[in-house]
Amino acid sequence: MLIHIANEDPVMGEVDQLPGLTDTNLLVKNPRRRDGKDLPNLMSNVAQVIWPVSRVSFIEIVPGEGEEQIIGFVRE
């Protein structure tokens, strides 16, 4: 998933489940930049980060490496 945080570059990461309506925090595992590099404001050995949902502008759900995209054509 791609997390857009207010006034910062987007962050890639994994979550166990999407935040609910009453959640106040977002636990992100393996946070990194879009290009896979470490985030400059975190130590290199950080494995999980908790961000307040109030700082998150929006979240993009991107297909994972294990998920296949099925693209097909229907010919009539």
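Since the structure is predicted, the reported quantities are computational estimates derived from the model, not experimental observations. (Residues numbered from 1 in each chain as written. Predicted model: local features only at pLDDT ≥ 70, side-chain atom pairs only at ≥ 80, totals over all residues. Heavy atoms only, no water.)

**Q** Hey, could you run me through unusual backbone geometry in this one?
**A** Trans is the common state for peptide bonds, and a negative phi is the common state for residues other than glycine. Even without being a glycine, Asn7 presents a positive backbone phi close to 60°. Take Asn7: it is sitting in the loop between β1 (2-5) and β2 (11-14). Its identity as a non-glycine residue notwithstanding, Asn30 has a phi of 55°, on the positive side. Within the secondary structure layout, Asn30 lies in strand β3 (residues 25-32). Take Asn30: its relative accessible area is 41%, and that puts it in the partly exposed class. (Helix = DSSP H or I, 4+ residues; strand = E, 2+ residues; numbered from the N terminus. Buried < 20%, exposed > 50% of the residue type's maximum accessible area, 1.4 Å probe, protein only.)

**Q** Even after reading the chapter, I still don't get the pattern of salt bridges, so can you show me in this structure?
**A** Side chains that differ in charge, positive against negative, can pair when their charged atoms come close. Using the criterion set out here, one finds four salt bridges in the structure. Where Arg32 meets Glu14, a salt bridge forms, and the shortest distance between an N and an O atom there is 3.0 Å. Taken together, the positions of Arg32 in strand β3 and Glu14 in strand β2 put the pair 18 residues apart, joining distant regions of the chain. Note on Glu14: relative accessible area 36%, which makes it partly exposed. Here Asp16 ties to Lys29 by a salt bridge, and the two come within 3.0 Å at their closest N and O atoms. Of this pair, Asp16 sits in the loop between β2 and β3 while Lys29 sits in strand β3, and the two are 13 residues apart along the sequence. Taking the relative accessible area as the measure of exposure, Asp16 reaches 63% and is therefore exposed. Given the relative accessible area of 27%, Lys29 is considered partly exposed. (Salt bridge = Lys/Arg side-chain N within 4 Å of Asp/Glu carboxyl O.)

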